[in-house]
Every structure is written in C-alpha cells, then in structure tokens.
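Here's the letter readout for the chains.
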Amino acid sequence: MNRHVSHPASHILQRAHKSNDSRYSTQRSSRPPNSEPERRPSVTCLRCRRDGRTALRYLITLLLFQGPAQKYVYTALGQLKEDTVANVFGVVTFFKLPYRSKGTDFCSVVTILDQSNVKLKCTFFSGNQDALPRIYKIGDIVRFHRIKIQRFNDELQGISSSGFSALVFEGTVDAPLIPRTASKSYNFTTEDQKTVETLRNWQLGLQNFTSSRRNLSNVQPGQYFDLICQLVGKAEIDKASYLLKVWDGTRCSTLQWKVYVEDYALEGDRDSITRLQDLAIDVLVYDNHVELAKSLKIGSCIVIHNVHAKWHNTGGENQGHDTYLEFHLHGGTCYGRGISVPPEDDSDVKELQKVLDAVGIVSDVTTPHIQLSQMSPPFDALKRCQQLFVTVLPAHQQWQITPLNNIAKSKAPQKFRIRARLKSFQPHHLYQSVKLHCTKCNSLLDAPDEQSLTKIFEDRSNGSPITNTTNTFWYRSEVWNTGNLDNRAVAIHFVKKYDDLQNPENSLIMVEGASFKELCKLSTHFNTIIPVKSKEENLELDLSAPFLIQGKKWLYGCMKCSNIKSLEELKSLLLETGWDAMEMAKALGVELLTHLFVMNFILEDETGSLKAYLWRESERFFQIPPSEILMDSDLQEKLHMIMSVLCPSTKQIGEYPWMDCCIRSYNSNVGGKEQICYEVFDTLLSVPDLDTIK
DNA sequence: GGTTAGGCTTTG
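Residues numbered from 1 in each chain as written. Chains lettered and ligands numbered in written order. Predicted model: local features only at pLDDT ≥ 70, side-chain atom pairs only at ≥ 80, totals over all residues. Heavy atoms only, no water.

Named according to an unreviewed UniProt entry, chain A is Protection of telomeres protein 1 originating from Eleutherodactylus coqui.

Encoded structure:
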C-alpha cells in the first residue's frame, strides 16, 4: 500500500517544496477554531522528514478529493455575535451580481435568511470576480465560510474576511446537489447536504419573498422582473445604451416597442431574427451594463435582472391610449440590476433550452410537421406560439407598431405596421374573392366560375357553326362529332411549329365548339389552348371567354383595352420555343387581365378596428396563384384552411392569432366621394400547419 | 494589508 501511494505523493511534495507553496508548509497560526483546513492543510514537508506520515495521509486525502476530517461549526443567523468570524448557511433573498467597485476589487452584496428568521446582509469583495458567490436566482442556497460579523447602521453585517469561500446550490427541491464554487477543493459532508435540503424545503413554505422571474407571457406593464432568455441579436445604440434582442419561447401579449437599428449595426443571424420577430423583445440596457452586454454571445442563455416593462410614452396627449411596452435595464446596480450568464447545467437553462428547441422546430417551416400532442410538456406556450407565426414582414419588421385608433386619425397616404386580429372578412364564399383586374383601365371584374364558363361555351357552340376549315401551312384542322344528343361538332386546329406537329404536351391548339368540360379535359393534355370561334370562314378570338388556357391557368383579356388582331399574328411566334402567354397576348393585341383575390378584412386590436383591403398583393400574401385556384380543389381547400386559422369562427376573438401587417392608406374617389382606404402590403402568411398541404 | 459598499420603494 505504502509503495503504491508514496510515488505520486512524494513527487507532489517535492514540487511543492520547490515552488514554496504555502499549502504544504507547516503553519500554525492563531486562526479561529473553524478555520480553513481545506485550503491550508497543516502538512509537514517530506524533505524535512518531520511527521512525514501525517503529510502523506493528508496528500492522499487531497488526491481522493476528500477534505480532512475537520468539522465546521455553522452559526444560525440569529446567533451571530459582533466581531467574530463565522460560517453560515442561508437562502438568498437578495443579491447584486459581482460588479467593479470604486476600489481595486469586485463587489457583491447578498442578503440571506435562515430558519431563525433573521436576515443577514453581506458585502463581499474580491479581486477575482469568480471567487464571489455564483448566485443567479433569489432562493439559491449558500454556504459561506469565514465571514466577519460586524456592526453597521445598528445592524449586524457580514463581510468577506481572509480565506472567505462560498458554495452556492440551486434552491429547488430535488435539483442536483452540485455546488457552484471557485474553490478547488472544499469540504462538503452528508450533514451539509442535509442542511441544503432542509433549507430548500423550508423556503417552499415562505410567503415573504418570491423570485421576480417572469416569462414574457406573464409580464404586467409597469413591472420590474428577472428574465431568463436567449440572446438572438444585439446592437450598439450609443455609448450609454445597448440593444439586446431576446426571447424566452413565450409571447408577450402586449404590443411591443421596437428599437430602430441600422441593418449593419445589428449582430445576429438574420433568419432567426426575422423568424422570431414576433416573439423576441427589444431590451435597452444602459451605462454600466453596456460593457457586459457587448461581450454576450449570440445564442447564449442569459438572465437580465430587474428589467423594467414600461409603457411607451408617445409624449402626445393620448397618454391613455399608449398600448405598447418598452423594456429597459436601467443603469446602476440598485435592485440587483445586471445581466448574468448561468452555467449550461443550470436547471432553468436546460428548461429554457428545451422549450426554445421545440418552439424552433414548430416554427421552422422547412422541417416536417410535428404533432404537438406528441411532445412533452410544457407546451401550452407552444400552441400559443404556433398560432402567432401567421405572418412575416419581409421588408419592414423594424417599423414601430401603430395602434389601429391612431391610423384612423392620420391623413393619407401613409404606411404603417400594425398588429391585429382578423375579426371578420368578406366575401365568405372564397370563389367570390377571385377577380380580374385590368392594370390599364383599372376595371375589376368577377372571374367567371365553373357555372358561368359552362354557360359561355354552351352559348358559343350553339351560336356559331364550325368553319369549313382547310388546312393551312401553320395549322392542321380536325373535326369531331361528339355523338351526344346535341350532335355537336368540335374542331381542333393543331398549330405547327417548324412545319411540324408537336407532341400534345408541347402543342398549341385552337378549339372551336367545345364545352367547358371538354376544354378542361383537353387542358390536361395540351400545353396551350386558344378557344376560338368562326366568323366569315375565319377563326377569331372572343374575349367573353378565356383567351388562353394553360393547365389550370385560364387567362382573360380586357374587352375595353384589347385591340384584337388576327390569329395569323401567331405565325410570328412559330419559330420560338414554348408558348409564352405574355408573348401570345402581345402578338394578338390582348390586354391581359390579372387574377387577384380581393378581400375586405376587419382588423381589430386593443384600441379599435380598421377595414383594410387585400388585393394587389393578395397572391404574395397567400402564396397561392389566384389564376389557378378556380380549377384546383386542393388550392381551394388550402385557402379555406388558411382563413379558418386566421379567423377561427368557432373560437373567441381572444384566441384568434395576431397578425403583423403592413398597411398603406390612400385617397380614393368612390362614387364622387373622397375617402381614405387601407390596403395590406408587404405581408406574407406563414402558417406552419399549412405547409404540409400542397 | 487598505479600500471598495454598506441592497430597497427604481423609470432613458
């Protein structure tokens, strides 16, 4: 046994001797009875050959990470005496994070409480910031060794004395008993474990102090609170203030104030910042906090202590209508103000990370859909979040949010960013929202639905007999008799390219006499169809029906603005590849009509409501082509689902999702009457659930 | 070895 241990031990002793390390030298001083065996074990040097066996025993003990068998005495806070040095346990009721004092050291102020119901305010100094107690949360349990008790302002006060050391434990019952400490070796007995556990249980029953930690979803305006959160962006505002963009996976239900930052000044991943724009808050930190804020790493979990949720002051008359919140970390260290970075193994950090990961997955539209019910709690917040990601502002996310009642008071034209719920919308039959718009004459027509198209083509085939066509050099004609009761004839004129007929999927055909259903069938096989009719042995366009059909796209021309030319003009396109609808419209003198969804939204926030149109940017908003939806039942279903997410009529309005929208106001003359209209622009829907629907 | 700060009714 001796042989085994003597080598490493004597090696260490020799090294200790060389470096004159006082830890291994004999030192008998007039220390208090409980003093520091863990830091300065009373060991005799091997080279001196005095009491070598004792020295070895100590070293072996040290190597095995066990403190010497010295027993510490702990004093209840109610039993402390002036001008003594004591060891104490306690629950943290207040603390200031270490900060640079005006002297040479860092300083930290900690108030603790124990079962004697006596509080002790302590002030600790150290040149090494890490040596100060690592407290992150009210309720943490601490063990202090060698604090000097003295009187100040008629109260007993604790202060760090020579050899001061601290252990800190999480205050939650059942959290791991891992001490946070800068001490390389420390004594922690099973009795100490019991003391920590007893204090954890004891503080559960305490009414008097509660942690001021809040989630963003339960912050009340005017409150000061501690926030554990992840840093997603940061930016220097000026010398005395710094911006932190943070989120905690929950959503603040009050409208928030956003700080304007030039794009180049903002640090952080743009995609994350955009994706989280509705969940992340802007916190402005001031003065002494700026230096630390600068050093924070994007993505890290931090605690901001004593954040102030303050009503935004517009400075105007309508103080009562201010509806959004600013978040500030004011300068100074009063009330424990500061920013801390808890260790990654901290229970609260792990919990936060779990929630953020899950919310991230749900909000990330590129990952497969995950059933919320398959996830473990706590995911009520998640469901809330998922609802909230319903819009994205690609261009103007830095704009401040304007309450709806302020918009109604403003003159036009102007642009705003709003946050509102969709209280109702019109038309309810979604097919009625599909319109044809002429950008030239600004006319707006209903897009013909299936029924009207059936009628249009029925009338047409009844009205005009099939031409006696002869084949020409640029098309070849075939006539079929339907063989149905109506004994109708359908003519198809196959357009040749390079003097040749193409495969159906590349072909342009001109069709005469076909019904709506037949055209639908033909459109699934042929690349492009132009419905035509005969007039005096010639084929011609008729804009009362679609001028061109390409798959699910049925395109129309403006009857007023088009200047129809002969179909022979198509010959100019015969040498080009493909059949470009725009080129064909141009060749035939057709002014194409644009398909739009035109909807009327009643938007509502806490301050009022606003009627806004969605039309010119409706395709961008829904990311559904309105030119195809009438021929595509999947797209129709998708639009229905979107509208039922935005405006779920089975729920209370309080449960409707919030939408961030850009709104522009403009003056419009309707029936000789000037009025201000509002239109949604630069806004995209982003409903993760729906991305699985194609 | 001295000094530092000595929570507290906050607010850009």
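Q: Go over the environment of Val359 with me, naming the residues and quoting the values.
A: Positionally, Val359 belongs in helix α6 (residues 347-363). Val359 sits in the buried class, given a relative accessible area of 2%. Considering only alpha carbons, one finds Val359 and Thr250, 109 residues apart in sequence, at a separation of 9.0 Å. (Helix = DSSP H or I, 4+ residues; strand = E, 2+ residues; numbered from the N terminus. Buried < 20%, exposed > 50% of the residue type's maximum accessible area, 1.4 Å probe, protein only.)

Q: How would you summarise the pairing of strand β22 (residues 528-531) if you had to cite specific residues and measurements?
A: Of the two faces of β22, the one carrying Thr528 and Ile530 and the one carrying Ile529 and Pro531 are both buried. As paired elements, strand β21 (residues 508-512) and β22 share four bridges and run parallel to each other. Paired with Ile509 across the two strands is Ile529, which belongs to β22. For the segment spanning β21, helix α10 (residues 516-525) and β22, crossover handedness is right-handed. (Pairing = 2+ DSSP bridges. Right-handed = clockwise from strand over helix to strand, strands pointing away.)

Q: Describe helix α3 (residues 190-204), listing the residues and the values that go with them.
A: Between the first and last C-alpha of α3 there are 22 Å, a value that for 15 residues agrees with the 21 Å anticipated at 1.5 Å per step. Those residues of α3 that sit buried are Asp192, Val196, Leu199, Arg200 and Gln203. Within α3, the buried residues cover an arc of 100° as seen down the axis, which keeps them to one side. Along α3, exposed side chains directed more than 90 degrees from the buried face belong to Thr190, Lys194 and Leu204. (Expected span 1.5 Å × (residues − 1). Arc of directions from axis to C-beta.)

Q: Please provide a residue-by-residue account of the protein's contact with DNA strand B, values included.
A: Not every one of the 29 residues close to DNA strand B is listed here, only the nearest: Lys96, His308, Gly331, Tyr335 and Arg337. When the atoms of DNA strand B within 4 Å of the protein are sorted by group, sugar and phosphate make up 42%. Between DNA strand B and Lys121 there is a distance of 2.8 Å, counted from a base nitrogen to a side-chain nitrogen or oxygen. Within the side chain of Tyr335, one N or O atom sits 2.7 Å away from a sugar or linking oxygen of DNA strand B. Every element with two or more residues in the surface near DNA strand B is listed here: β3 (106-113), β4 (119-126), β5 (141-152), β6 (155-169) and β12 (301-311). Taken together, the residues that form the surface near DNA strand B break down as 11 nonpolar, 11 polar and seven charged. (Near = heavy atom within 4 Å. Polar contact = N/O pair within 3.5 Å; in protein donor to acceptor, adjacent residues only side chain to side chain. Nonpolar A, V, L, I, M, F, W, Y, C, P; charged D, E, K, R; others polar.)

Q: Just give me the short version of the nonpolar core, but keep the residues and values in it.
A: Core analysis: the biggest nonpolar cluster contains 56 residues, and Phe601, Leu603, Phe622 and Met643 have the highest contact counts within it. Residues lining this core come from more than one domain, with at least three contributed by each of domain 4 (376-432 + 596-692) and domain 5 (449-585). In this structure Phe601 touches Leu422, Ser424, Phe425, Leu610, Lys611, Ala612, Leu614, Phe621, Met643 and Val680, once residues within four positions along its chain are discounted. (Core = buried A, V, L, I, M, F, W, Y, C linked by side-chain atoms within 4.5 Å. Domains from an automatic or database assignment. Contact = heavy atoms within 4.5 Å.)

Q: So what about the pattern of salt bridges? Which residues, and what values?
A: A side chain of one charge can pair with a side chain of the opposite charge when the charged atoms of the two come close. One pass over the full model with this rule turns up 28 salt bridges. Of the charged contacts in the structure, one is a salt bridge between Glu191 and Lys71, with a shortest N-O distance of 3.6 Å. Of this pair, Glu191 sits in helix α3 while Lys71 is found in the loop between α2 (52-63) and β1 (84-95), placing the two residues 120 residues apart along the sequence. A residue is classified by how much of its surface remains accessible, and Lys71, at 55% relative accessible area, is exposed. (Salt bridge = Lys/Arg side-chain N within 4 Å of Asp/Glu carboxyl O.)

Q: Report on empty space enclosed by the protein, specifying residues and quantitative values.
A: Enumeration over the complete set of coordinates arrives at four cavities of 30 Å³ or more. Volume-wise, the largest cavity comes out at about 60 Å³. Looking at the largest cavity, the residues that line it are Pro448, Leu453, Lys552, Trp554, Tyr556, His595, Pro626, Ser627, Leu630 and Met631. Among the residues forming the lining of the largest cavity, the class breakdown is seven nonpolar, two polar and one charged. Here the lining of the largest cavity gathers at least three residues from each of two domains, domain 4 (376-432 + 596-692) and domain 5 (449-585). (1 Å grid on protein atoms, 1.4 Å probe; cavity = no way out; pocket = protein on both sides within 12 Å on 5 of 7 lines; lining within 4 Å. Points joined across faces, edges and corners; volume = space filled by probe spheres on them.)

Q: Please provide a residue-by-residue account of the sheet that holds strand β18 (residues 444-446), values included.
A: The three strands lie next to each other as β18-β17-β27, forming an open sheet whose pairing is antiparallel. Two strands in the sheet have a free side with no partner beyond their single neighbour: β18 and β27 (594-597). Direction aside, the axes of adjacent strands within the sheet are offset by 40° on average. Two elements, strand β17 (residues 434-437) and β18, share three bridges in a ladder whose sense is antiparallel. Pairing of His437 across the sheet is with Leu444, part of β18. (Axes fitted to C-alpha atoms, helices over the stretch in contact; angles between N-to-C directions.)

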